[in-house]
Amino acid sequence: MTEPKPARPLDVLIVGAGFAGLYMLHRARQGGLAARVVESAPSVGGTWYHNRYPGARVDIQSMEYSFSFSPALQQAWHWSERYAAQPELLRYANHVADRFGLRDGIQLNTRVSGAAFDEDIERWIVRADTGETWSVRFLVMATGPLSAPNTPAFDGLDSFAGPVYHTANWPHEPVDFTGKRVGIVGTGSSAVQAIPLIAQQARELTVFQRTAAYAVPAHNGPLDPAFEARIKADYAGFRARNLRMSGGFGSELPPNPVSALAVGPTEREAAFEERWRIGGFGFLGTFHDILLDERANALAAEFVRGKIRSTVRDPETARLLSPKQTIGCKRLCVDTGYYETYNRPNVRLVDVGEHPIDAITPTGLETHGRAYAFDALVLATGFDAMTGTLMRLDLRGRGGLPIQQKWRAGPLNYLGLAIAGFPNLFNVAGPGSTSAFTNVIVSIEHHVNWIADCIAYLDAHGRSTIEATEPAESAWVAHVNAVAQRTVFLTCNSWYLGANIPGKPRMFMPLLGFPPYADKCADVANKGYEGFALA
Ligand code: N01
């Protein structure tokens, strides 16, 4: 066994080289800090490195889903499509790493396995699976809210004779389903993107659906040069307008301030049709109360079910594809030909909502006394969202407190950025922040700027540690929950609630409303980090 290499002093260790890690490294270096990114993958890119299943693409328009911190970058970069696909997003991440000279600060192929706060020296001692350790003042978890893939514990999964793929961990060599019978489990955003493309290639595709998904059309296509030119002529203004939107995006199509209940059926139908024609998340803004009032929500939901009935020719398949839950409660899917795919003769839908999957067998899958045979299995079963990555680490705060104990009833946090008992640790886009409801790059830039400014403040004021207080943390978690109570988000079993993972504590994790959240974070900082203890 090789001896662990000696600890090396650093100011900041950043875990993860996705968009959050890249920008954090850039900001830390700008602030004169000795910083290093440690990344388990052999490449930068995070989500866009791992999620390379067929059809993977962003569901926020590319002109918005990009960094704003560098005017030169946003002028220079050209997106080819309205919604960029995974390879282009990965090229963008690589471009950012090169353009800002970040590569020499990024250590790839190194998985952080644990970290413990040493109270005597007020530093985090971080360990990696390579045997390396680092001693750092600040630890930034840029690990992403959707980075711990969820593989359900199906009986017999290991016995399957063919290949098993997870959408969140897709192979890097091409996967060819030509002539194959494929089974896919799940109908969330990943499956909704993958199913139309797998169906085009496979001989036969069987979709196992537990909960039907709402999908609105992306109407993806080449980026309109006139739109690109108009945005680039005033990119700063476009970004500023987006920062005032609840999700940090969508200022070109703001929510209609009218209630869905205040207009007659003809006007309402026309409004839904218009937003459906435009496509994307703007559909949920057809009326301002779709996510706030279950009666308004039901009208939008029924409109989509009508679209499913008019698209899918087989009435029984259309019935099964028609979601029953409130629309938007689980994240809305943005699709290209999803419902149409069920008109193909080689695609069939099997409902596993009432009767779960009993077992995976060497030749396929069994449910409700029936066996289904296929040659390859795709698990589009999502993530242990928002907490999974940290909970899989040996992360210990003051007094050796493990994160698993701290978060046993749910992810206690302050501002989604900090955890009481875990000084000088920052979580980018973590539970308790607006990240999951926003254009995540907006959230990332906001968090990274806040963290970098916070570190600068500590240095300027001769402070060595900052730590959320327990009262501030409790009040924050109550606030996040109170905001959710005023919406439809507590009416279904979503990953926002942890409800997709058996045994995970139910706690509503994301916060709705970026502008008031950003104001609150700024206010906390302006008041000398109110709710934090500084030492
Ligand atoms: O995961 P999901 P995802 N038996 O959790 C089913 C982002 N994203 O990877 O709904 C049978 O949404 C599960 O069923 P149910 C986006 O934020 C963005 O698709 O829990 N089925 C569900 O149908 C998104 O929300 C894009 O009843 C089981 C599916 O698997 C988030 O990532 C693209 C099961 C999982 O759906 C997650 O999306 C992709 C079981 N035991 C992802 N366990 C963009 O467009 C789970 N399921 C940018």
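Residues take numbers from 1 onward in each chain, read along the sequence in its written order. Totals for whole chains, interfaces and linings use every residue, but because this is a predicted model, local features are given only for residues with pLDDT of at least 70 and side-chain atom pairs only at 80 or more, for both listing and counting. Note that water and hydrogens are dropped before the side-chain values are worked out from all heavy atoms of the structure.

Draft legend 1. Structural view of the overall build of the protein chain. Working definition: helices are DSSP H or I runs of at least four residues, strands are E runs of at least two. Numbering for both runs from the N terminus. Helix and strand counts for the protein chain stand at 16 helices and 20 strands. What the globule rule says is 2.2 Å times the number of residues to the power 0.38, and the radius of gyration is computed from C-alpha atoms. Taking 24 Å as the expected radius of gyration for a compact globule of 535 residues, we find that the protein chain reaches 23 Å, a close match to that expectation. By its C-alpha atoms, the protein chain is 70 × 60 × 45 Å across when sized along the principal axes. Only protein chains enter the accessibility calculation, which uses a 1.4 Å probe; a residue is then buried when its area is under 20% of its type maximum, exposed when over 50%, and partly exposed in between. Here the protein chain holds 535 residues, and the buried ones make up 58% of them. For the protein chain, the share of sequence-separated contacts (at least 6 apart) that also reach a separation of at least 24 residues comes to 71%. Carbon and sulfur atoms make up 53% of the accessible area of the protein chain, which amounts to about 21500 Å² in all. Positive: Lys, Arg. Negative: Asp, Glu. His and the chain ends are not part of the count. By convention, charge coordinates are those of NZ in Lys, CZ in Arg, CG in Asp, or CD in Glu. Across the protein chain, the mean location of the 50 positive side-chain charges is 1 Å away from that of the 52 negative side-chain charges. Every residue pair with non-hydrogen atoms within 4.5 Å of one another is taken to be in contact. Computed with the Shrake-Rupley method and a 1.4 Å probe, the accessible areas treat only the protein chains shown as cover for residues.

Draft legend 2. Representation of the site of the ligand in the model. We call a residue near a molecule or strand when any one of its heavy atoms sits within 4 Å of it. Taken together, 23 residues sit near the ligand, with Thr187, Ser190, Arg210, Thr211 and Lys330 positioned nearest. Side-chain polar atom of aspartate 59 to an oxygen atom of the ligand: 3.4 Å apart, as the coordinates give it. Protein coverage of the free-state accessible area of the ligand, which is 900 Å², stands at 88%. When residues in the shell around the ligand are grouped by element, the largest group, three residues, is from helix H5 (residues 189-201). Throughout this entry, Asp, Glu, Lys and Arg are counted as charged residues, while Ala, Val, Leu, Ile, Met, Phe, Trp, Tyr, Cys and Pro are counted as nonpolar. The remaining residues, Gly among them, count as polar. When the residues that make up the shell around the ligand are grouped by side-chain class, the tally is nine nonpolar, nine polar and five charged. Residues adjacent in sequence count toward polar contacts only when both atoms are side-chain atoms; beyond that, a polar contact is any pair of N or O atoms within 3.5 Å, and within protein one must be able to donate a hydrogen and the other to accept it.

Draft legend 3. Just the sheet that holds strand S12 (residues 347-351), in detail. Two strands form a pair only when DSSP identifies at least two bridges running between them. The strand order across the open sheet formed by five strands is S7-S16-S8-S9-S12, and the pairing between neighbours is parallel. For this open sheet the edge positions go to strand S7 (164-166) and S12, each flanked by a neighbour on one side alone. If you compare each strand with its neighbour and ignore which way they point, the axes differ by 20 degrees on average. Bridge count for strand S8 (residues 181-185) against strand S9 (residues 204-209) is five bridges, and the pairing is parallel. Bridge pairing in S9 places valine 185 opposite phenylalanine 208. Lines fitted to C-alpha atoms define the axes, with helix axes restricted to the stretch in contact, and inter-axis angles between N-to-C directions lie between 0 and 180 degrees.

Draft legend 4. Representation of the pattern of salt bridges. When a carboxyl oxygen of Asp or Glu lies within 4 Å of a side-chain nitrogen of Lys or Arg, that pair is called a salt bridge. Scanning the model with the defined rule gives 25 salt bridges in all. Between arginine 319 and glutamate 316 there is a salt bridge whose closest N-O contact spans 2.8 Å. Here arginine 319 and its partner glutamate 316 are both found in helix H10 (residues 315-321), three residues apart, which amounts to about one turn of the helix. A salt bridge links arginine 398 to glutamate 467, with the shortest nitrogen-to-oxygen separation between them at 2.8 Å. Taken together, the residues span a long stretch of sequence, with arginine 398 in the loop between strand S17 (394-396) and helix H13 (403-406) and glutamate 467 in strand S19 (residues 466-468) at a distance of 69 residues. Judged by its relative accessible area of 31%, arginine 398 is partly exposed. Overall, the relative accessible area of 13% leaves glutamate 467 in the buried class.

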